[in-house]
Amino acid sequence: MPAESRRWETLEALKNSPKGNITFDPYWSERGEDILAGCKEALSLSSHSGVILQRLGSLPSQRSCFLGSSSGDYSPGFSEENPASISSKGSVPDITAKHATLSVTEQEQVVLHACSHEANDEDPEADVSEVSSLVSLPTISLLSPKAMEMAGRIIKFEEEQREKAKRALKQRQEMQEKLMATVAISESEQLKRFEEFMELKQRQEYQSMRDMMDRETKESIGRQEKLKEEQRHRMKILNLRLREAEQQRMREAELERQRQAEGRERLRNLNTIQEEILQLNQLLEPSTQTKTSLPPASLSSYSTRGNQLCSQVSEVVRKTAEGEFPSVEDMTVAQRALHEMRALIRLMQEEVAKAQEKKKKEQEDEEQRRKQVELQVQQEAQKKAQAQSAKEKAQRKGLQNSAEDGTLKWYKELQASAAQCAQSFEQLNSPKDNQTKKLKLELQKAATIPVSQISSNSGSQLREIFDKIDKLLSGRAVVSGGKSVSTSQHPQSLDFVSYKLAEKFVKQGEEEVASHHEAAFPIAVVASGVWELHPRVGDLILAHLHKKCPYAVPHYPPMKDGTSVEEYQRILGYRVDDAGVEGQDSFLKRMSGMIRLYAAVIQLRWPYGSNQGSVPHGLNHGWRWLAQMLNMEPLADITATLLFDFLEVCGNALMKQYQSQFWKLILLLKEEYFPRIEAVTSSGQMGSVIRLKQFLEASLQSRQISPPKGQLSSVFWRS
């Protein structure tokens, strides 16, 4: 420790001093010698004596007294309050010597006290013992100034050493404090680094644990998803199997129901056949009239064959009495028996009719010949009179009552072609088996549904409809109602589809165009495209149009002898049913729709065709129709309506095509033909006449006819 090192330095300094050379004698007190008797050097005061005296003067008086009393014989009773005692004990030099001795002794005690005070912080008990030892130490008397000087030097040295020790101690304390602060800072930083390291390690462990948990979670989720997917797959397979089983059960149930229904239907048909055969067999029974008309051998053969056929049918019916339904073979046998029975009855009736006719012919031959001659004479006379009156009337008015011969011939050829086409698919139109019935329905849907879907929404939709119709007519398969159907499935399919398609086009004009005039153009452009690729369909369209609207020929069918009024109205285009003949407004509306469709067809052409050949039915037919209409006698209400509708739809196209010739025809219509229309029109039928008059006046005044509403533009085909 610093205090101990200074103490040892102090002792080393004392050892090297003159006082340290004094020989120690433990018996000096007994001999009455002074303790410094061994030191021969003369005593003298040093220059540092003032310092010592000053320090001695600063000591408390109690210590001085204590030291004085402890010095024994040298300074008894020394104090500031008893100066007289000093003088009584000895002289001034003695007092000075004694004072110096006391000062040195006191100074050494002070040094020792200071040294012990420095170590007081470490051991308070040692400090107390040192103080007690200082008090008990014997005083040293200074007998010479040299000793005083040495003591002063020792004191000065001790002070220097003390100051040096203090500075060293302070410096060491500062260094220790700096070292402690540095160590504390280093330890704090190391603690922080350790805490950061531990925190980092904890975070890493937490992150690794978190990653491990995430991986386990992901793996668990993956396993769950995999299990779910497998479960879904198994459920899907089970559902598919259940659905297939249910569908199989439903198919089997449906087949069973169908089989039961077909069996019941065959049973009903069988009963009907048996009933009809029995009724026909009764006709084979001989009667009074037939006995006189037919020979007995013929009657017997007819009756025998009829009984055989009845036996065949009864045998088939007997099988069904056991609870079974008749099979297809049984029905074939029964139907064959019924056909044979009908043929047998027909043969017998023909023979009876021939016999009766022969008998009547012999009785009425002369009378019939006479009546025929008279009737022929009357008819020839009537025909001559009618021809003469018609000729005179035509010469007088310059107009015809019927169409030209070439037009009538063309009209009849179209009707004959349509009738021949209808007859060619008679077997498909009246099917006997279910498969043919289904094929007929599917073909009819495939032909009519696309026509019903024609609209002016977009050109792409119109093109899809046209392509579908073209595929069907070309023998390729199309999808209709979720099923694939083709005209190659039956030899009569193409004729059937062509006929139904043409019929549907005309029906759209009769219904859709009659209600919405703008619908004429999309329907007409598809019809024109189909007509160009499949001319037979175009001829059938004309045939259906002429049959429902003979004014599109134009043709005014005359009423023939023996024709009823209702039948004649049907020929003129009226609808006749159980409720009677349709009203005039409904009739005019339908005729207007069909004429508008015809006027649109003759001016349009399918834009995606080849456009290289001639138009199958173009504007020249529109010019022919208009010219022939003006050459025929006008009819009340119908002529004005049809002329207005035709010119409103096709007038702009005819004007561009024929230009001045067209305006000549319009002028002729306005000045010469229109008064004839007014003459045959009653006051209650003037609506169509007024519309036609206003149209003609506006057209002639502006020398322009506006394009019809609803006409398809180039923008429409890009939509």
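Check the entry above for the structure.
Here the structure is a predicted model, which is why all the values come from computation and not from measurement.

Glancing now at helix 12 (residues 405-424). Between its first and last C-alpha, helix 12 extends 28 Å over 20 residues, near the 28 Å set by a 1.5 Å rise per residue. Those residues of helix 12 that fall on the buried side of the exposure criterion are Thr407, Leu408, Tyr411, Leu414, Gln415, Ala418 and Cys421. Angularly, the buried residues of helix 12 cover 155° about the axis, an arc narrow enough to put them on a single face. Residues of helix 12 that are exposed and angled more than 90 degrees away from the buried face: Asp405, Gly406, Lys409, Lys412, Gln420 and Gln423. Contact partners of the buried residues in helix 12: helix 16 (493-515), helix 18 (535-548) and helix 21 (619-630).

This part covers the nonpolar core. Ranked by size, the top nonpolar core spans 96 residues in total, and within it Phe505, Val526, Tyr551, Leu643, Phe646 and Leu647 carry the most contacts. Top element by residues in this core is helix 22 (residues 638-658). It accounts for twelve residues. In this view, valine 526 contacts Ile454, Leu462, Phe466, Ile469, Phe505 and Trp606; residues no more than four positions away in its chain are not counted.

This part takes up the pattern of salt bridges. Enumeration according to the criterion identifies 23 salt bridges in this entry. The salt bridge partner of glutamate 265 is arginine 268, with a shortest N-O separation of 2.6 Å. In this pair, glutamate 265 and arginine 268 are both assigned in helix 8 (residues 145-283), three residues apart and thus about one turn of the helix distant. For glutamate 265, a relative accessible area of 36% gives the class partly exposed. Accessibility expressed as a relative area gives 46% for arginine 268, which makes it partly exposed. Between glutamate 648 and arginine 596 there is a salt bridge, with its nearest N and O atoms 2.3 Å apart. With glutamate 648 in helix 22 and arginine 596 in helix 20 (residues 584-601), this residue pair connects regions lying 52 residues apart in the sequence. Judged by its relative accessible area of 31%, glutamate 648 is partly exposed.

Take the packing of helix 21 against helix 22 next. Here helix 21 crosses helix 22 at 135°, and the two axes come no closer than 10 Å. Taken together, the axes of helix 21 and helix 22 are oblique relative to one another. Both helix 21 and helix 22 take part in a crossing whose hand is left-handed. In this structure, helix 21 contributes Leu619, Asn620, Gly622, Trp623, Trp625, Leu626 and Met629 to the contact, and helix 22 contributes Thr639, Leu642, Leu643, Phe646, Leu647, Cys650, Ala653, Leu654, Gln657 and Tyr658.

Turning to the side chain of glutamine 603, a few remarks are in order. Of note, glutamine 603 is situated in the loop between helix 20 and helix 21. Among the polar contacts made by the side chain of glutamine 603, one reaches the main-chain carbonyl oxygen of alanine 599 at a distance of 3.3 Å. Not counting the four nearest positions on each side in its chain, glutamine 603 is found in contact with Phe521, Leu619, Val649, Cys650, Ala653 and Gln711.

Where helix 23 (residues 660-680) meets helix 24 (residues 686-702), the closest approach of the two axes is 11 Å, and the angle between their N-to-C directions is 150°. It follows that helix 23 is roughly antiparallel to helix 24 by the angle criterion. Here helix 23 and helix 24 pass one another in a crossing that is left-handed. The residues of helix 24 that touch helix 23, namely those facing Trp663, Ile666, Leu667, Leu669, Lys670, Phe674, Ile677 and Glu678, are Val689, Leu692, Lys693, Leu696, Glu697, Ser699 and Leu700. Of the residues contributing to the contact of helix 23 with helix 24, the split by class is ten nonpolar, one polar and four charged.

This paragraph deals with the environment of glutamine 453. Considering the arrangement of structural elements, one finds glutamine 453 in the loop between helix 14 (434-452) and helix 15 (459-473). The class of glutamine 453 is partly exposed, set by a relative accessible area of 42%. Expressed as a C-alpha distance, the spacing of glutamine 453 and isoleucine 465, which sit twelve residues apart in the sequence, is 7.7 Å.

Now for the side chain of lysine 440. Structurally, lysine 440 is set in helix 14. Lysine 440 has contacts with Leu428, Asn429, Pro431 and Phe496, leaving out every residue within four places of it along the chain.

Calculation rules
Residues numbered from 1 in each chain as written. Predicted model: local features only at pLDDT ≥ 70, side-chain atom pairs only at ≥ 80, totals over all residues. Heavy atoms only, no water. Helix = DSSP H or I, 4+ residues; strand = E, 2+ residues; numbered from the N terminus. Expected span 1.5 Å × (residues − 1). Buried < 20%, exposed > 50% of the residue type's maximum accessible area, 1.4 Å probe, protein only. Arc of directions from axis to C-beta. Contact = heavy atoms within 4.5 Å. Core = buried A, V, L, I, M, F, W, Y, C linked by side-chain atoms within 4.5 Å. Salt bridge = Lys/Arg side-chain N within 4 Å of Asp/Glu carboxyl O. Axes fitted to C-alpha atoms, helices over the stretch in contact; angles between N-to-C directions. Parallel < 35°, antiparallel > 145°, perpendicular 65-115°, else oblique. Left-handed = near helix turned anticlockwise from the far one by under 90°. Polar contact = N/O pair within 3.5 Å; in protein donor to acceptor, adjacent residues only side chain to side chain. Nonpolar A, V, L, I, M, F, W, Y, C, P; charged D, E, K, R; others polar.

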